[in-house]
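Observations on chain architecture
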Amino acid sequence: MRMKKGLILVPIVLLATAALVLFSGFETKRPDAQQPLAARKPNIIVIMADDMGFSDLGCYGSEIQTPNLDYLANNGIRYTQFYNTSRCCPTRAALLTGLYNQQAGIGKMTDLEDEPGYRGHLTDNTVTLAEVLKTAGYRTAMTGKWHVSNTTVQKDPKEQLAWLNHQKEFGDFAPLDQYPTNRGFDKYFGNIWGVVDFFDPFSLVSGTRPIRHVPKNYYHTDAINDTTVAYIKEYGNSSAPFFIYVAETAPHWPLMALPEDIVKYKDTYKVGWEAIRKARYQKMAKLGLIDPAKTPLSKRFQDDLTWEANPDKEWDAQAMAVHAAMIDRMDRGIGRIIKALRETGQLDNTLILFLSDNGASPENCAAYGPGFDRPSETRDGRKIVYDLKKQIMPGAQTSYASIGQRWANVANTPYQYWKAESYEGGIHTPLVAFWPAGITAKKGSYSEQVGHVMDFMSTFVELAGAKYPATYKGHAITPTTGISLVPSFQGKATAGHGSLFNEHFGARYARSGNWKLVSASRDTTWHLFDLATDRTETQDVSAQHPDKVRQLASEWHQWAKTHQVFPKPGKK
């Protein structure tokens, strides 16, 4: 499925759409194309990166080449106060359902637990974006990472590894009623589980059918984006509007990229953590994305080690080069999506939203070793190395590696912390909105609306003329608390959420106005920050405002009590 000399290879199970992909030069228009755009419902495409840092796009301060996403930003809106829920599957649950993730059944990960907020899959009290939009006449499709269903794991560790290594088959990867095509998506191609080998992914399916083999030159990011192109070319020739959810797996570990992409960045990161971080911060200020007076650059994580004294400089520079290469490749795939929309006459009336599911990851995946969702060898028997000593360069299929804490801190410039934490580095996502026919705000402008991934539901319901249901398939549906982003499309200065909350493995926050109370996953101590003057959470003012600490702590516990959240109210 890699692009090679103009040819896109598509898995056998996707032959129904292959012909559409191969003829990339044709142009079609919907039968309603003569109607004024204002009279037509917009197509909607949500593209979400996986473990991408706040400053990892060129339009958000990066040195990484992302011209296609930069194009969307320069001709759309960038948001400066938009939130996810700090980790992959909880964010996906909130995005898909318009609810806080615990309300949707995914408080932690995808393990089945005997608590309403921790069922590990989207529960019966929810409806997905696809299910709601279908009621308004939309055709729906999804590509990429699902990760909101219970994972089926073999009890015998050896059998589990044989499954992960593509050496034995054990049936479905999750209960079929939890697959995307049973939650409102007409078409689906992607990985049901979270972690993937980018050259030969586990849990790959088309619809509900497992894809047993992939082409020799397969690369998952290309497959996701090229299948999206196929869906656009099929749906673009219909009178019905369409909704496509593109859940990229890049740049989540393992660090795996194509050699020709890695070489583009082979020298970029040899200057080290501090130099890249400062350059990004300066670019963000120059772009007008941040106000340095309100957004001081937070202290670099573990700055006791200088780059010059780093004994692993070569390995670390390569690791970040692979991270950049993965984002670069994703951006080029998004460029093909934009091209397909233009060729089918759909670009002007398509709302494209791009974001990340959480901050960059600090995890050392080599420390995990094989097991659960991590293979021990490739399909053809080559051993996969989990290298704790940084002796084997990252990037190839036979190496499981990740960028680690210091580079994650750089990727999340100017914020502190990272994925899984409730500090801004964990829960603050870039968001780009592009829609030529519908966004009347100044091109390239910024919106300070305080938003959350659960807002997509209210936004799409409004744009589609749909109705969020009180019941669905005989089940009472929890009301959404999302707020529409439509006023921001019109350039209106709207506050958005007055209050927001989060909890994930003990990491938690309560934001009310510009006050934010937050604690880390391994420290229950509350810290208070005034985001009006300190968006990077550098000055804890809890001692100066004890009444505000008590107020926000009380609000957090009340939210936890009413939203099926752990730790249960009464615990610190």
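Just above sits the structure.
Predicted model only: the values in this text are computed from it and were never measured.

For the rest of this paragraph, the subject is the sheet that holds strand S17 (residues 507–512). The sheet built from 4 strands is open, its strands ordered S16-S17-S18-S19 with antiparallel pairing. Of all the strands in the sheet, the pair left with one neighbour each is strand S16 (499–504) and strand S19 (523–530). The mean inter-strand angle of the sheet, taken between neighbouring strand axes irrespective of direction, is 10 degrees. Where S17 and strand S18 (residues 515–520) come together, 5 bridges link them in antiparallel fashion. The residue bridging Arg508 from the neighbouring strand is Ser519, located in S18. Across the sheet, helix H14 (residues 546–562) lies against S16, S17, S18 and S19, angled at about 65 degrees from S16, the strand it touches most.

The buried count for strand S5 (residues 139–144) comes to 5 of 6 residues, which makes it a mostly enclosed element. Pairing of S5 with strand S9 (residues 242–247), which is carried by 6 bridges, proceeds in the parallel orientation. Bridge assignment links Thr143 to a residue of S9, and that residue is Val246. With 3 bridges joining them, S5 and strand S6 (residues 187–191) adopt parallel strand pairing. Across the sheet, Met142 pairs through a bridge with Tyr188, a residue of S6.

This part takes up the pattern of salt bridges. Inspection of the entire model under this criterion finds 39 salt bridges. Of the charged contacts in the structure, one is a salt bridge between Arg379 and Asp200, with a shortest N-O distance of 2.8 Å. Taken together, the positions of Arg379 in the loop between strand S10 (350–356) and helix H10 (404–411) and Asp200 in the loop between S6 and strand S7 (204–206) put the pair 179 residues apart, joining distant regions of the chain. Residue Asp200 is classed as buried on the basis of its relative accessible area of 8%. In this structure, Asp303 and Lys299 form a salt bridge, with 4.0 Å as the shortest nitrogen-oxygen distance. Classification of Lys299 as exposed rests on a relative accessible area of 63%.

Right, let's get into the side chain of Asp197. Its place among the elements puts Asp197 in the loop between S6 and S7. Buried and unpaired, Asp197 has Arg382 as its nearest opposite-charge partner, separated by 7.0 Å. Among the polar contacts made by the side chain of Asp197, one reaches the main-chain amide nitrogen of Phe199 at a distance of 2.8 Å. What Asp197 contacts, discounting residues up to four positions off in sequence, is Met256, Gln397 and Tyr400.

All right, on to helix H9 (residues 313–343) then. Here H9 contains 31 residues, and its C-alpha end-to-end distance of 45 Å stays within 8% of the 45 Å for a straight helix at 1.5 Å per residue. The buried fraction of H9 is high, at 25 of 31 residues. Taken from the residues just after H9, Gly345 is the one with a positive phi, measuring 75 degrees.

This model, assessed by the stated rule, comprises 0 disulfides. Lacking any disulfide linkage, Cys88 is separated from the closest cysteine sulfur, that of Cys89, by 4.4 Å. By relative accessible area, which is 3% here, Cys88 ends up buried.

In this section: the pairing of S17. Judged by how many residues are buried, S17 sits mostly within the fold: 5 of 6 residues are covered. Pairing of S16 with S17, which is carried by 6 bridges, proceeds in the antiparallel orientation. Residue pairing for S17: Asn502 is matched across the bridge by Tyr509. In this structure, the hairpin formed by S16 and S17 is closed by a connection of 2 residues, where Phe505 is found at a positive phi of approximately 50 degrees. Linking two consecutive strands that pair antiparallel, namely S17 and S18, is a turn of 2 residues; a positive phi of about 60 degrees is found at Gly513 within it.

Now for the nonpolar core. With 82 residues, the main nonpolar core has Ile45, Tyr269, Phe354 and Trp407 as its most contacted residues. The leading source of residues in this core is H9, at 16 residues. With near-sequence residues (within four places) excluded, Tyr269 lies in contact with Glu63, Ile64, Ile276, Arg280, Trp307, Ala317, Met320, Ala321, Ala324 and Trp407. Among the nonpolar cores identified, the runner-up in size contains 61 residues, and Ala136, Trp146, Phe173 and Phe456 belong to it.

One way to put it is that helix H8 (residues 273–287) packs onto H10 with a least axis distance of 9 Å and a crossing angle of 15 degrees. On the basis of their axis angle, the class for H8 and H10 is roughly parallel. Considering the relative orientation of H8 and H10, their crossing is left-handed. Across the interface between the two elements, Trp273, Ile276, Arg277 and Arg280 from H8 touch Arg406, Trp407, Asn409, Val410 and Ala411 from H10. Along the lines of polarity and charge, the residues of the contact of H8 with H10 split into 5 nonpolar, 1 polar and 3 charged.

Thresholds applied
Along every chain, residues carry numbers that run from 1 in the direction the sequence is written. Given that this is a predicted model, residues contribute local features only at a pLDDT of at least 70 and side-chain atom pairs are listed and counted only at 80 or more, while totals for whole chains, interfaces and linings are drawn from all residues. Only heavy atoms go into the side-chain values, all of them from the structure, while hydrogens and water stay out. Strands qualify as paired when DSSP identifies two bridges or more between them. Only DSSP runs of H or I covering at least 4 residues are called helices, and only runs of E covering at least 2 are called strands; the numbering of each starts at the N terminus. To get an axis, a line is fitted to the C-alpha atoms, and for a helix only the part in contact is used. The angle between two axes follows their N-to-C directions and goes from 0 to 180 degrees. We call two residues in contact when some of their heavy atoms are within 4.5 Å. Think of it in three bands: with a 1.4 Å probe and only protein chains considered, a residue is buried below 20% of the maximum accessible area for its type, exposed above 50%, and partly exposed in between. Salt bridge, as used here, is a side-chain nitrogen of Lys or Arg placed within 4 Å of a carboxyl oxygen of Asp or Glu. Positive charges are assigned to Lys and Arg, negative charges to Asp and Glu, while His and the chain termini are left out of the count. Polar contacts, as used here, are pairs of N or O atoms within 3.5 Å; protein pairs need one atom able to donate a hydrogen and one able to accept it. Residues neighboring in sequence count only if both atoms are side-chain atoms. Any helix carries an expected span of 1.5 Å times its number of residues minus one. A pair of cysteine sulfur atoms is labelled a disulfide when the two atoms are within 2.5 Å. By nonpolar core we mean a set of buried residues, namely Ala, Val, Leu, Ile, Met, Phe, Trp, Tyr and Cys, connected to one another through side-chain atoms within 4.5 Å. An angle below 35 degrees is treated as roughly parallel, one above 145 as roughly antiparallel, one from 65 to 115 as roughly perpendicular, and anything else as oblique. For any pair of crossing helices, the crossing counts as left-handed if the nearer helix is rotated counterclockwise from the farther one by less than a right angle, and right-handed if it is rotated clockwise. Under the convention adopted here, Pro, Cys and the residues Ala, Val, Leu, Ile, Met, Phe, Trp and Tyr are nonpolar, Asp, Glu, Lys and Arg are charged, and Gly plus all remaining residues are polar.

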